[in-house]
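Close look at the chain arrangement
What follows is each chain in one-letter form.
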Amino acid sequence: MMQFKTLTVPPRPQPPPGLSYFPTLFPPHKTLKFHKFLTLLLTFTAYAAFHASRKPPSIVKSILTNPSNETLAINSNKNASSASNSDQDPFQFAQNPLRNETGWAPFDGPHGPHRLGELDLSFLLAYAIGMYVSGHIGDTMDLRIFLSIGMLGSGIFVIFFGLGYFLDLHSFGAFVIIQVFCGLFQSVGWPCVVAVVGNWFGKAKRGLIMGVWNSHTSVGNIIGSVVASSVLGYGWGWSFVLPGIFIIFVSIFIYMFLVVNPENIGFVLSGKEVEMSVEGVALVSSEKIETGEEGGMIEDEEGSVAIGFFEAWKLPHVASYAFCLFFSKLVAYTFLYWLPFYIRHTAVAGVHLSHKSAGILSTIFDIGGVIGGISAGFLSDVIEARAVTSVIFLLLSIPALILYRLYGSISMFTNTALMFTSGLLVNGPYSLITTAVAADLGTQDLINGNSRALATVTAIIDGTGSVGAALGPLLAGYISTRGWNSVFLMLIVSISIACFLLISVVKNEIKGKLNEGKWLWASVIAR
């Protein structure tokens with residue numbers, strides 16, 4: 001029999017200080033719909049800022065490693081030309097393109113990609129471990145303050161990494177320590193924003209709305225890629241400093257204006273409106289009694305219970321989703337950290353793109369990810385089957401990756417089109433799983449939708465997925481030295497395994513539809 005333990009609910013957070021400067025933001029001046037939109041906007045911007053600050057390492061990879069002799073020869077000519085025009089360009093002293101192009105110890109040399117992969121591993125492992133710690137800390141304090149601290153710390157350590165350029169830092173250990181602390185602070189972000197959104201939106205609001213909201217990941221990647229790539233000419237350190245300043249700036253707005261719970265400003269929602277996500281643990285939950293759209297505070301609030309760690313693994317489909325996310329995040333994070341590097345070192349129509357062009361072009365993958373997340377959410381709402389939707393996207397992503405590897409170098413058009421398609425199909429199911437899987441778990445009789453039990457389940461799922469996210473970039477760093485065909489083979493095998501792990505869930509969904517008299521055409525698959 002499963003053992004449960006009672007957990008106490010943390011003290012109710014107070015309204016954010018920014019609202020005191022704008023009294024008209026309180027009800028009844030502003031409606032519940034307005035504050036729901038404001039919450040979505042603030043949490044969207046917050047997590048987009050988190051992801052924007054994660055992109056610089058992938059953008060500068062091709063600069064930190066040693067370029068080929070041909071590239072050095074080309075850049076030598078460019079440097080000579082730049083020197084002759086230095087009097088006309090007042091910023092020439094800061095650009096120093098030769099310093100950018102000759103590598104940066106300890107990441108230059110034949111083992112440079114290995115070191116970069118290990119650097120990614122240090123960040124992502126710290127992130128995975130921090131997810132569990134962040135959940136427990138968030139249970140004891142105001143999520144607005146906790147999220148602000150995470151954003152501030154992330155910005156500071158991203159800036160510290162960039163200062164390595166200006167301070168001429170070449171210690172691998174120092175860079176690893178910076179990435180570890182950055183990963184720990186970054187782990188604060190997702191649990192907090194998911195918990196806050198979960199307090200404002202119930203399960204009925206999942207599908208398309210959550211698909212649109214979850215595009216913050218790709219939007220943040222796009223912002224980070226464009227900003228980091230645009231300032232590469234002035235030294236790779238600026239590619240870290242500007243995103244770091246950006247997330248610190250956004251943290252100020254989060255601290256001043258984010259309302260954690262509707263009841264903090266006098267609103268009440270009906271039912272237990274906690275939306276869970278497999279990438280984050282809902283940290284605050286309560287029973288809410290409806291008294292109108294704009295009313296008093298909740299009437300009943302009580303502690304909930306947590307399921308044991310090993311018991312949670314025994315729940316139906318938990319292991320399937322956990323290991324599916326392991327391989328899905330392995331693929332997604334490999335692209336996140338290595339796509340600009342791959343584009344930089346792969347000729348398109350016989351021409352190697354510059355570092356800046358490669359970084360900006362890589363945003364096409366994330367644009368596809370935005371459309372993919374929305375499309376997957378919409379499709380899953382239409383057919384009412386999350387696992388089936390995920391498997392469809394995963395299966396289609398296999399030929400998309402093969403075509404991108406084989407024909408992406410033919411022309412800029414084919415490269416862009418195939419990269420967009422790959423991003424759509426790879427990020428679609430990843431986005432869907434991170435916003436809808438816990439809803440399936442919440443329908444299980446063994447936990448009866450209990451949010452504290454779901455917290456343990458989602459922590460297991462995301463922790464497993466984060467290990468895959470850490471492993472993918474590390475493997476890519478080592479395997480890429482043997483050729484990119486091997487890297488793409490690793491990605492295809494990972495996607496295939498992710499599909500295989502969801503077969504049992506897909507069968508259950510199809511059988512459920514058949515029992516309801518739907519999907520009669522799928523009766524052969526369910527047998």
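Residues numbered from 1 in each chain as written. Predicted model: local features only at pLDDT ≥ 70, side-chain atom pairs only at ≥ 80, totals over all residues. Heavy atoms only, no water.

- The chain is annotated in an unreviewed UniProt entry as Major facilitator superfamily (MFS) profile domain-containing protein from Penstemon davidsonii.
- According to the UniProt record, the Subcellular location (unreviewed entry) comment for the chain is "Membrane". (UniProt positions renumbered as here; feature names shortened; annotations may be inferred.)

Comments concerning the overall build of the chain
- Check the secondary structure of the chain and you find 23 helices and two strands.
- Expressed as a percentage of the 527 residues in the chain, the buried residues total 58%.
- Within the chain, counting contacts between residues at least 6 apart in sequence, those at least 24 apart form 84% of the total. (Helix = DSSP H or I, 4+ residues; strand = E, 2+ residues; numbered from the N terminus. Buried < 20%, exposed > 50% of the residue type's maximum accessible area, 1.4 Å probe, protein only. Contact = heavy atoms within 4.5 Å.)

Structural notes on the nonpolar core
- Counting 75 residues, the largest nonpolar core has Trp236, Tyr333, Leu339, Ile343, Leu401, Tyr404 and Met419 as its most contacted members.
- It is helix H15 (residues 318-344) that contributes the most residues to this core, 18 residues altogether.
- Formed by 37 residues, the second largest nonpolar core is a distinct cluster that contains Phe44, Met151, Val197 and Phe257. (Core = buried A, V, L, I, M, F, W, Y, C linked by side-chain atoms within 4.5 Å.)

A closer look at the packing of aromatic side chains
- Following the criterion strictly, the structure yields 31 aromatic pairs and no others.
- On the basis of an interplanar angle of 55° and a centroid distance of 6.5 Å, the ring pair of phenylalanine 123 and tyrosine 337 is categorised as tilted. With phenylalanine 123 in helix H7 (residues 112-138) and tyrosine 337 in helix H15, this pair connects stretches of sequence that are 214 residues apart. There is no split in this pair, since phenylalanine 123 and tyrosine 337 are both buried.
- Seen from their ring centres, tryptophan 338 and phenylalanine 341 are 5.1 Å apart, and the 85° between their planes marks the pair as edge-to-face. Here tryptophan 338 and its partner phenylalanine 341 are both found in helix H15, three residues apart, which amounts to about one turn of the helix. (Phe/Tyr/Trp six-rings, centres within 6.5 Å; stacked < 30°, edge-to-face > 60°.)

Describing the environment of valine 331
- The topology assignment puts valine 331 in helix H15.
- The sequence separation of valine 331 and valine 426 amounts to 95 residues, and the corresponding C-alpha distance is 7.6 Å.
- Not counting chain neighbours up to four residues away, the residues in contact with valine 331 comprise Val426, Leu491, Ser494 and Ile495.

Details of the pattern of salt bridges
- Scanning all chains against the criterion turns up four salt bridges.
- Its salt-bridge partner being aspartate 120, residue lysine 61 comes within 3.0 Å of it at the nearest N-O pair. Here lysine 61 is found in helix H3 (residues 56-64), whereas its partner aspartate 120 is found in helix H7, with 59 residues between them in sequence. The same class applies to lysine 61 and to aspartate 120, which are both buried. (Salt bridge = Lys/Arg side-chain N within 4 Å of Asp/Glu carboxyl O.)

With respect to the packing of helix H2 (residues 32-52) against helix H13 (residues 238-257)
- Remark: H2 packs on H13, axes separated minimally by 9 Å, with the N-to-C direction vectors making an angle of 155°. Relative to H13, the element H2 is oriented roughly antiparallel. Every pair of crossing elements has a handedness; the one defined by H2 and H13 is left-handed. Across the interface between the two elements, Leu42, Thr45, Ala46, Ala49, Phe50 and Ala52 from H2 touch Pro243, Phe246, Ile247, Val250, Ile254 and Phe257 from H13.
- Here the residues of the contact of H2 with H13 sort into 11 nonpolar, one polar and no charged. (Axes fitted to C-alpha atoms, helices over the stretch in contact; angles between N-to-C directions. Parallel < 35°, antiparallel > 145°, perpendicular 65-115°, else oblique. Left-handed = near helix turned anticlockwise from the far one by under 90°. Nonpolar A, V, L, I, M, F, W, Y, C, P; charged D, E, K, R; others polar.)

Quick word on H13
- Compared with the 28 Å implied by 1.5 Å per residue over 20 residues, the 29 Å span of H13 between its first and last C-alpha is a close match.
- The set of residues buried in H13 consists of Ser239, Phe240, Val241, Pro243, Gly244, Ile247, Val250, Ser251, Ile254 and Phe257.
- In this structure, the buried side of H13 is in contact with helix H1 (18-21), H2, H3, helix H8 (143-166) and helix H12 (216-230). (Expected span 1.5 Å × (residues − 1).)

Observations regarding the state of the cysteines
- Scanning the entire structure with this criterion turns up zero disulfides.
- With no disulfide partner, cysteine 324 has as its closest neighbouring cysteine sulfur the one in cysteine 499, 7.4 Å distant. (Disulfide = S-S within 2.5 Å.)

A short note on the packing of H12 against helix H17 (residues 363-383)
- Where H12 contacts H17, the axes come no closer than 8 Å and their chain directions differ by 165°. Classified by the angle between their axes, H12 and H17 sit roughly antiparallel to one another. You can see that H12 and H17 cross each other, and the crossing is left-handed. Facing Ser218, Val219, Asn221, Ile222, Ser225 and Val226 of H12, the residues of H17 in contact are Thr363, Asp366, Ile367, Gly369 and Val370.
- A per-class count over the contact of H12 with H17 returns five nonpolar, five polar and one charged.

Some words on unusual backbone geometry
- The omega torsion across alanine 105 and proline 106 is 10°, close enough to zero to call that bond cis.
- Relative to the assigned elements, proline 106 resides in the loop between helix H6 (97-101) and H7.
- Positioned with a positive phi, alanine 349 is a non-glycine residue whose angle comes to about 55°.
- By the secondary structure assignment, alanine 349 is in the loop between H15 and helix H16 (355-361).

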